[in-house]
Amino acid sequence: MEEVEVYTFDNQDYIVIDKINEYLYLSNEKDSHDMMIRKVDSNDDTLLLPLDSDEEFENALLLLTRKKVQEEGI
């Protein structure tokens, strides 16, 4: 069985579905349509922070998209 990382926000458990650089891509354990992106604090790797701006959100999505495209060889 594969080990998964789980974080809790507002009494909801989110599973790490991917990690790219400092970004964690999380999905709600009970609702796969409920997703979020957080970044690991550079001073405390146990602390997850929200993204700073829409631009950072777009960059994080671009990283994920590029990775998925490479994995699928498109």
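As a starting point, this report considers the structure included with it.

Conventions and cut-offs
- Residues numbered from 1 in each chain as written.
- Predicted model: local features only at pLDDT ≥ 70, side-chain atom pairs only at ≥ 80, totals over all residues.
- Heavy atoms only, no water.
- Pairing = 2+ DSSP bridges.
- Helix = DSSP H or I, 4+ residues; strand = E, 2+ residues; numbered from the N terminus.
- Contact = heavy atoms within 4.5 Å.
- Axes fitted to C-alpha atoms, helices over the stretch in contact; angles between N-to-C directions.

1. Focus: the sheet that holds strand β4 (residues 35–40)
An order of β1-β2-β3-β4-β5 is seen for the 5 strands of this open sheet, with the pairing classed as antiparallel. Each edge of the sheet is formed by a strand with only one pairing partner; in this case those strands are β1 (6–9) and β5 (48–49). Two strands pair when backbone bridges link them, and strand β3 (residues 23–28) and β4 are joined in this way by 5 bridges, in the antiparallel orientation. Residue S27 lies in a different strand from β4, and its bridge partner there is M35. In this fold helix α1 (residues 54–72) packs onto β2 (12–20), β3 and β4, with an angle of close to 65° to the strand it touches most, β2.

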